[in-house]
Amino acid sequence: MGKIIRLDEVTINQIAAGEVVERPSSGVKELVENALDAGAKKIEIYLTNGGRQKIQVVDDGVGMDREDALLAVERHATSKIREFQDLQNSSTLGFRGEALASIAAVSRLTLQTAVDPAAPGTKIRVEGGEIQAVETVGAPRGTNISVENLFFNTPARLKFMRSIPAEVANVKEIVTSLALGYPEVSFRLLHQEMKLVHTMGTGDYEQTLEQIFSPAICRELFPVAGDYGPLRITGFLGRPTIARGNRGQQYFFLNRRFFRSRLVAAAAERAYDTLLPVARFPFLLLNLELPPELVDINVHPTKMEVKFRDEKEVFRGIIHIIRGALEANVTATSWRPQYRPTTVPDREQPAAAGLFEAKVEEAAAQVESTQASPFFATVRESAVPFSAGGPAPAPPTEEWLAETVTAQEEGSPRIFPLFDTYLLWEDATALVLVDQHAAHERILYDRLRSGSTVKMQYFLAPLTVELSPAQLQIIHEEGDLLRDIGWEFEAFGGEAIILRAGPLDFSVAEVEDLFLSLLNELGATGEARQVDPKERLLRLMACRQAVKAGDRLSAQEAAALIRDLRRTKVPQTCPHGRPTMVAITKTELEKMFKRR
Ligand code: ADP
Ligand code: MG
């Protein structure tokens, strides 16, 4: 007796539903993408009880005639492709023709649609995949689909639904993402009476961003645009100030399809490099464009993942383009977190590093010449800081003030030491605090990396350093790396080596200690391994060489530190990604003191 039977259509659709609609948010995604494919300019989404009770999506797209509407709820019925070849070139979001049938198989679905408002429309009711009724009704152009009691007939699936707030958050994320990808379409998401997303569909990216994110976030975004071979990227990047502990603020589109990609995230994060500490993730809104033959989108049932034909090139391209934008925006024009350039620098990306230097100078000059940016302007009048009420910090010493005045005459801003750890200064719009150690680390690191001013010293009496077998092994394997960054040493027999030269500015005792620390760093295991060893050595040397918290700086030293910090490429963070400075704007202070 045969045991194999053909599954009936409804069962097949219920199984497929498990792949296509896992939860309300995936249902919403399919329905909204259908609306986008139908050319809708306005899409409204209503949820009841996190979508468990009801999901309704209303669009003003082309609609369907009666025959198409009936076909649409059948499996593998699609108007979008005719044969497999079309898949490759499909520019629509859907193409498998299984979403509607899958959703209909596991819910009570009502579809109302009309092509022409003058002619009658169609209303179809489906329950658990079975068509219950087909009527002719008057309806506006477009499609209105409501999905009630999702998974009512598949109790196993129902169990996997999460709490209502979690489902709502998922739907909100999907709608937000699609709204970001389609600024020309108006999206409105309501959960019961609560409006969660509302974009106007003006087509303007910046307006759309402002309709979705808070002003505090928007202020920290800047555009990115660039090409790398066949890859083109446009979008927005966030400054390090709004980085988060998770990747919740990353939105990727490939040829206008929303997708998720570890590769894209990893490449972009690599581009941010030391701008971000470990485990902080940037805001990214990236529209990737690639010729369709260079990608394979048909790898995942819900099409959330893509496969690039040449992953390495895509990876390189992303780093190149994003780095260009970061160099032009974060490092040159906004080295204080709150500063926003009034004259947006050239959106074109610099082609080479040398060009970048020129751009920095250019941007700095631009900034300097506008009154809008007091940051680069020097303070000439000798007003007393904190003239506004409130507790003033401990007054600087006479000596400090005297030195500061001299420094000022030489054209530096007023700088005050705080706890022998921070340097504080005031410009016309903000109070800025610099961490002297982190700032110095950044300066030294940049110098070390540029290789031009690594100052080495030959020791009067070469040092003999005893090493463990493990340390000797490291010297054996990585010695060239150490020589590369200016150390000179040779074997002394047994387990000792002779150190002949090392970096300037260290006492003999410190040099030995530093050398051993570098060996330890080279022998490090675990997470540290992910960073290039030379890079790690430079960071460590910069850290050791930098002034410490608690070191008292003279006014000249402080002024020089600030000046040098300004000249670095990434003044906002130290090489480990910690901030070198924080700023409190005048407006923020006024709010604190209830002056506003
Ligand atoms: P796919 O999107 O993969 O083609 P679906 O099951 O999602 O498959 O939809 C099946 C077909 O129903 C689509 O190809 C389209 O022709 C039609 N359709 C679905 N939703 C809409 C809509 N909102 N407006 C117009 N046509 C729609
Ligand atoms: Mg679809």
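Residues numbered from 1 in each chain as written. Chains lettered and ligands numbered in written order. Predicted model: local features only at pLDDT ≥ 70, side-chain atom pairs only at ≥ 80, totals over all residues. Heavy atoms only, no water.

1. With respect to the sheet that holds strand E17 (residues 422-427)
(1) Moving on: Spatially, the four strands line up as an open sheet ordered E16-E17-E18-E22, and their pairing is antiparallel. Two strands lie at the open edges of the sheet, namely strand E16 (415-418) and strand E22 (581-585), each paired on one side alone. Within this sheet the neighbouring strands show an average axis-to-axis angle of 25°, counted without direction.
(2) Moving on: Two strands pair when backbone bridges link them, and E17 and strand E18 (residues 430-435) are joined in this way by six bridges, in the antiparallel orientation. By the bridge assignment, aspartate 427 is partnered in E18 with alanine 430.
(3) Moving on: Contacts from helix H14 (residues 436-450) reach E17 and E18 within the one sheet, and its direction differs from that of E18 by about 70°.
(4) Moving on: The strands touched by helix H18 (residues 555-567) within the sheet are E16, E17, E18 and E22, with E17 carrying the most contacts at an inclination of about 70°. (Pairing = 2+ DSSP bridges. Helix = DSSP H or I, 4+ residues; strand = E, 2+ residues; numbered from the N terminus. Axes fitted to C-alpha atoms, helices over the stretch in contact; angles between N-to-C directions. Contact = heavy atoms within 4.5 Å.)

2. Structural notes on the confidence of the model for the chain
(1) Moving on: Scored by pLDDT, the chain comes out at a mean of 78, with 75% of its residues at no less than 70.
(2) Moving on: Within the chain, the lowest mean pLDDT, 32, falls on helix H12 (residues 353-369), and the highest, 98, falls on strand E2 (residues 54-59).
(3) Moving on: Between residues 332-410, whose pLDDT stays under 50, and residues either more than four places distant or in other chains, the model counts 119 contacts. (pLDDT = per-residue confidence, 0-100.)

3. Regarding the side chain of glutamate 535
(1) Moving on: With respect to the element layout, glutamate 535 can be found in helix H17 (residues 533-545).
(2) Moving on: Judged by relative accessible area, glutamate 535 falls into the buried class, the value being 9%.
(3) Moving on: Among the polar contacts listed, one links the side chain of glutamate 535 to the side chain of tyrosine 445, at a separation of 2.2 Å.
(4) Moving on: Setting aside residues up to four positions removed in sequence, glutamate 535 forms contacts with Asp273, Thr274, Tyr445 and Arg449. (Buried < 20%, exposed > 50% of the residue type's maximum accessible area, 1.4 Å probe, protein only. Polar contact = N/O pair within 3.5 Å; in protein donor to acceptor, adjacent residues only side chain to side chain.)

4. Comments concerning the pattern of salt bridges
(1) Moving on: Evaluated as defined, the whole model comprises 21 salt bridges.
(2) Moving on: We note a salt bridge from arginine 256 to glutamate 184, for which the minimum N-O separation is 3.0 Å. Of the two residues, arginine 256 is situated in the loop between strand E11 (250-254) and strand E12 (257-259) and glutamate 184 in the loop between helix H7 (164-181) and strand E7 (186-191); the sequence distance between them amounts to 72 residues.
(3) Moving on: By relative accessible area, arginine 256 is classed as partly exposed at 38%. (Salt bridge = Lys/Arg side-chain N within 4 Å of Asp/Glu carboxyl O.)

5. Quick look at the packing of aromatic side chains
(1) Moving on: Under the defined criterion, the tally for this structure stands at ten aromatic pairs.
(2) Moving on: Residues tyrosine 205 and phenylalanine 236 carry aromatic rings whose centres are separated by 6.1 Å and whose planes lie at 50° to one another, so their mutual orientation is tilted. With a gap of 31 residues between them, tyrosine 205 in helix H8 (residues 205-212) and phenylalanine 236 in strand E10 (residues 231-238) connect regions that are remote in the sequence.
(3) Moving on: Classification of tyrosine 205 as partly exposed rests on a relative accessible area of 24%. (Phe/Tyr/Trp six-rings, centres within 6.5 Å; stacked < 30°, edge-to-face > 60°.)

6. Focus on the side chain of threonine 143
(1) Moving on: Its place among the elements puts threonine 143 in strand E6 (residues 142-148).
(2) Moving on: Only 3.0 Å separates the side chain of threonine 143 from the side chain of threonine 113, close enough to count as a polar contact.
(3) Moving on: Sequence-distant contacts of threonine 143, that is, excluding residues within four places in its chain, are made with Val57, Val58, Asp59, Gly63, Met64, Gln112 and Thr113.

7. Details of the pairing of strand E13 (residues 284-289)
(1) Moving on: Burial within E13 is extensive, with five of its six residues counted as buried.
(2) Moving on: In this sheet, E13 lies alongside E10 in antiparallel orientation, the contact comprising six bridges. Bridge assignment links phenylalanine 236 to a residue of E13, and that residue is leucine 285.
(3) Moving on: Across five bridges, the pairing between E11 and E13 is parallel. Bridge pairing in E13 places glutamine 250 opposite leucine 284.

8. Focus on the packing of H14 against H17
(1) Moving on: With their axes 8 Å apart at the nearest point, H14 and H17 run at an angle of 135° to one another. As far as their axial angle goes, H17 and H14 are oblique. Our pair here, H14 against H17, has a crossing hand that is right-handed. For the pair formed by H14 and H17, the contact residues are His437, His440, Glu441, Leu444, Tyr445, Leu448 and Arg449 on the first element and Glu535, Leu538, Arg539, Met541, Ala542, Cys543 and Gln545 on the second.
(2) Moving on: Classifying every residue of the contact of H14 with H17 gives seven nonpolar, three polar and four charged. (Parallel < 35°, antiparallel > 145°, perpendicular 65-115°, else oblique. Left-handed = near helix turned anticlockwise from the far one by under 90°. Nonpolar A, V, L, I, M, F, W, Y, C, P; charged D, E, K, R; others polar.)

9. Concerning the sheet that holds E2
(1) Moving on: Ordered in space as E5-E4-E3-E6-E2-E1-E7-E8, the eight strands form an open sheet in which the pairing is mixed. The sheet terminates laterally at strand E5 (130-137) and strand E8 (194-198), the two strands that pair on one side only. Averaged over all pairs of adjacent strands, the angle between their axes in this sheet comes to 10°, without regard to strand direction.
(2) Moving on: Strand direction decides the pairing type here: strand E1 (residues 42-48) and E7, joined by six bridges, are parallel. The residue bridging tyrosine 46 from the neighbouring strand is leucine 190, located in E7.

10. Quick word on unusual backbone geometry
(1) Moving on: At aspartate 420, a residue that is not glycine, the phi angle is positive and equals roughly 50°.
(2) Moving on: Counting through the fold element by element, aspartate 420 comes out in the loop between E16 and E17.
(3) Moving on: For lysine 594, which is not glycine, the phi torsion reads 55° and is therefore positive.
(4) Moving on: The class for lysine 594 is exposed, based on a relative accessible area of 71%.

11. Overview of the environment of leucine 286
(1) Moving on: Mapping leucine 286 onto the fold places it in strand E13.
(2) Moving on: With a relative accessible area of 0%, leucine 286 lands in the buried category.
(3) Moving on: For the pair leucine 286 and isoleucine 322, spaced 36 residues apart in the sequence, the C-alpha separation amounts to 9.8 Å.

12. Side note on the layout of surface pockets
(1) Moving on: If you add up the space inside the largest pocket, you get close to 1300 Å³.
(2) Moving on: Glu269, Val278, Ala279, Gln530 and Val531 are, among the 41 residues lining the largest pocket, the residues nearest its centre.
(3) Moving on: When residues of the lining of the largest pocket are traced back to their parent elements, those giving at least two are H7, E11, E12, helix H10 (262-272) and H17.
(4) Moving on: Element by element, the count of residues in the lining of the largest pocket is highest for H10, at six residues.
(5) Moving on: Of the residues in the lining of the largest pocket, the class split is 18 nonpolar, eight polar and 15 charged. (1 Å grid on protein atoms, 1.4 Å probe; cavity = no way out; pocket = protein on both sides within 12 Å on 5 of 7 lines; lining within 4 Å. Points joined across faces, edges and corners; volume = space filled by probe spheres on them.)

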